[in-house]
Every structure is written in structure tokens, then in C-alpha cells.
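Residue-level structural notes
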Amino acid sequence: MVKQEIVSPLSVQGLTVAYQKKPVLRDVTFTVPEGKLIGIIGPNGAGKSTLIKAALGLIPRVTGEVTIFGKPYEQQRKAIGYVPQRESVDWDFPTSALDVVMMGRYGHLGWFKRPGAREREMAMDCLEKVGMADFAGRQISQLSGGQQQRIFLARALAQDARLYFMDEPFVGVDAATEKAIITLLNELKKQGKTVLVVHHDLATVKEYFDWIMLLNVELMGIGPTDDWFTKDNLQKTYGGRLALLHSDEDAVIVSSR
């Protein structure tokens with residue numbers, strides 16, 4: 001019996017990205033297993049958002065190769081869901097919450113086929129899952145920050161992806177939205193999806209993620225949270241920008257500055 005090779009949802013080899021000749025990411029290499037919630041943590045300017053954008057081909061790479069389930073991104077667009085930083089979105093664009101979520105189906109339909117009743121039903125189901133079904137007809141500019149974030153999560157759900165990238169989904173949201181997001185992430189994990197999340201609140205890392213990636217221009221470490229979320233590894237990653245609030249054998253609760 002031939003043993004089937006396990007293909008990583010995301011493999012990055014020798015990735016270097018530079019802005020105006022200054023490296024933002026330097027020779028980053030890693031693979032991630034399937035079905036994990038992975039928090040990407042590191043200080044400001046560490047290259048966390050850059051990593052996601054480079055993996056998605058949104059910015060050029062100096063060197064490196066990125067494969068999604070063993071193939072280039074261009075061949076795996078349907079397998080990927082993406083939630084960008086909320087500040088990068090034009091929220092004044094005249095469109096409804098439902099229309100934004102249905103955009104998540106375009107990759108499956110193709111750009112020349114209009115979404116129909118089935119896509120509308122799927123989009124409404126995704127809105128229901130994030131508690132936004134009652135706002136389907138609302139213009140996105142009329143929504144609060146937390147509501148806008150939920151709409152983009154619903155759009156990612158509509159993509160029905162196998163690998164998700166989320167860039168700071170918890171920033172600027174209320175407690176109810178944060179709870180809704182983590183509930184959704186755990187649901188995706190139960191379905192065997194892989195989710196990479198840029199995250200800043202170190203106090204919730206152990207609660208939210210089963211894997212972490214420590215990044216500061218270079219990859220400082222990646223693996224199970226229980227193994228890598230330690231005082232020594234955090235100080236190595238954050239340097240002088242780390243304030244230790246509490247530490248014992250079972251927990252490390254910290255803040256970055």
C-alpha cells in the first residue's frame with residue numbers, strides 16, 4: 001500500500017520582502033499543518049501583515065516560494081479566504097452587507113456569471129452565522145466597526161475556503177464581536193480548516209490559538225502554543241518592547257509596547 005504524502009496547507013520557503021531596499025521579511029521558511037488556529041505574533045513592524053500579503057501575491061517578493069496545498073497561489077485561489085485589516089477597506093463604497101458577502105462566491109462562479117438564488121441563500125446563511133442577518137440590506141458605511149468586521153468574516157465564510165488568512169480581525173471590535181469571531185474560528189477548526197491570524201493581544205494567545213508563529217522580520221519560531229509561548233521566546237521576539245505582567249509555571253500573561 002502506497003503511503004499518501006501529506007501536503008501542507010501553506011508552505012513558505014526562503015521568503016524575503018523589502019520596502020525601498022530595507023528587508024521587512026528576511027529568509028522566512030515554514031510549513032503549517034492542516035486544521036490549526038495559528039496566531040501570528042510579534043512587535044509592530046515585524047512583517048506580520050506583509051507575510052500574509054506576500055503569500056497572497058498582493059505585494060512582490062524579493063526571493064522565496066509560497067505554495068498552497070502544494071501548488072502556487074494562482075492555482076489555488078478558490079481554496080483561500082482572506083479578511084484584510086478593516087482600515088484598508090473603503091467603507092464608503094455604496095454597497096449592502098449582503099452584496100459584500102456574495103462577493104465571496106465570485107471565485108466559484110467566475111466573473112461573468114451573476115450570483116443567483118443559491119448564492120444569495122448561502123450569503124444569508126453566512127450572515128446568520130455572524131449575527132448579521134438583520135443587517136443584510138444595510139449600507140456598509142452605516143455599520144459600526146464591529147459590524148463591518150463581522151460582514152468581512154461572513155464574506156470569508158462564503159468563500160468556503162480550506163485556508164484562511166485574517167489580518168488583525170480583533171482590532172477595534174466590541175466584546176460581543178470578539179466572542180463571535182473566536183466562536184467562528186473554532187467552528188472552522190472543527191471543519192478541518194486552517195486559519196492564520198495576525199494578533200496583538202498576547203493575553204489571549206493561549207486561549208485562542210493552538211499554534212503560534214513568532215515573527216520579527218525573521219522567523220523566531222513556530223509550533224504548538226504550549227511549547228512556544230514562553231517568557232524566553234517572547235522576550236527574544238519582542239526585545240525591550242515586552243512588559244511582563246505575570247508569570248508562573250502554567251501561564252505567561254504579557255503586553256507589548
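Right, let's walk through the structure included here. (Residues numbered from 1 in each chain as written. Predicted model: local features only at pLDDT ≥ 70, side-chain atom pairs only at ≥ 80, totals over all residues. Heavy atoms only, no water.)

What about unusual backbone geometry?
Trans is the prevailing form of peptide bonds, just as negative phi is the prevailing case for residues other than glycine. Phi at Phe69 is positive, roughly 50°, even though this residue is not glycine. Here the phi dihedral of Asp160 falls at roughly 50°; this positive angle occurs in a residue that is not glycine.

Some thoughts on the side chain of Asp167
Locating Asp167 in the fold gives a position in strand 7 (residues 163-167). Lys53 provides the closest opposite charge to the buried, unpaired Asp167, separated from it by 5.2 Å. A distance of 3.4 Å separates polar atoms of two side chains, one belonging to Asp167 and the other to Gln85. With residues near it in sequence (within four places) discarded, Asp167 still touches Ser49, Ile52, Val83, Pro84, Gln85 and Val198. (Helix = DSSP H or I, 4+ residues; strand = E, 2+ residues; numbered from the N terminus. Buried < 20%, exposed > 50% of the residue type's maximum accessible area, 1.4 Å probe, protein only. Lys, Arg positive; Asp, Glu negative; His and termini not counted. Salt bridge = Lys/Arg side-chain N within 4 Å of Asp/Glu carboxyl O. Polar contact = N/O pair within 3.5 Å; in protein donor to acceptor, adjacent residues only side chain to side chain. Contact = heavy atoms within 4.5 Å.)

Points about the sheet that holds strand 8 (residues 194-198)
What the six strands build is an open sheet, ordered 6-7-8-3-9-10; its pairing is mixed. Edge positions in the sheet fall to strand 6 (80-83) and strand 10 (218-224), since each has one partner strand and no second. Averaged over all neighbouring strand pairs, the angle between strand axes comes to 15°, with direction disregarded. Examined bridge by bridge, strand 6 and strand 7 share four bridges and lie parallel to one another. Within the sheet, the bridge partner assigned to Val83 lies in strand 7 and is Met166. Packed on one face of the sheet, helix 1 (residues 48-55) meets strand 3 (37-41), strand 6, strand 7, strand 8 and strand 9 (211-216) and runs near 140° to strand 7. Here helix 5 (residues 145-158) sits on the sheet and contacts strand 6 and strand 7; the angle it forms with strand 6, its principal contact strand, is near 175°. (Pairing = 2+ DSSP bridges. Axes fitted to C-alpha atoms, helices over the stretch in contact; angles between N-to-C directions.)

Thoughts on the sheet that holds strand 5 (residues 71-72)
Taken in spatial order, the four strands of this open sheet run 2-1-4-5, and their pairing is antiparallel. The open sheet terminates on both sides in strands that have one partner only, identified here as strand 2 (22-32) and strand 5.

A look at helix 5
Over its 14 residues, helix 5 extends 20 Å from the first C-alpha to the last, a length consistent with the 20 Å expected when each residue adds 1.5 Å. For helix 5, a buried count of 14 out of 14 residues is recorded, marking the element as mostly surrounded by other parts of the structure. Trailing helix 5 by a residue or two, Asp160 shows a phi angle of about 50°, which is positive. (Expected span 1.5 Å × (residues − 1).)

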